[in-house]
Amino acid sequence: MLILFKPNFKALWILPRTDQKPDLIILYSHGGGFCMGSSYFYMEFFMAWIAVLQNSGFRNPAILALEYSLVPEAVYPT
């Protein structure tokens, strides 16, 4: 698993085999109305999802789970 940090961009990159390109990428944005939650909370779900996709025939499925700022630490226009 790789965790990517770029300016103004934070996400979890779940990729079973980092030496191969993914054959499927799912972009995941967690709920919570910008006031609660984190992609880390869904890690067990992501791992199960990857296993189901691999069992369905995908060689190297990937999930890009977005992290974003939450209130009250971040307020408009963040």
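This text goes with the structure placed above it.
The shown structure was predicted, so the numbers you read here are calculated from the model rather than taken from an experiment. (Residues numbered from 1 in each chain as written. Predicted model: local features only at pLDDT ≥ 70, side-chain atom pairs only at ≥ 80, totals over all residues. Heavy atoms only, no water.)

Student: Help me out: how do you make sense of the pairing of strand β4 (residues 61–67) in this one?
Tutor: In regular strands, side chains alternate between the two faces of the sheet. Among the 7 residues that make up β4, 6 are buried, leaving the element largely enclosed by the rest of the structure. Across 6 bridges, the pairing between strand β3 (residues 24–29) and β4 is parallel. Considered in β4, the bridge of L24 is made with P61. (Buried < 20%, exposed > 50% of the residue type's maximum accessible area, 1.4 Å probe, protein only. Helix = DSSP H or I, 4+ residues; strand = E, 2+ residues; numbered from the N terminus. Pairing = 2+ DSSP bridges.)

Student: Teacher, can you tell me more about helix α1 (residues 43–55) here?
Tutor: Every α-helix winds through 3.6 residues per turn, so residues three or four apart in the chain are directed the same way. Compared with the 18 Å implied by 1.5 Å per residue over 13 residues, the 18 Å span of α1 between its first and last C-alpha is a close match. Looking one or two residues past α1, G57 carries a phi angle of roughly 115 degrees, positive in sign. (Expected span 1.5 Å × (residues − 1).)

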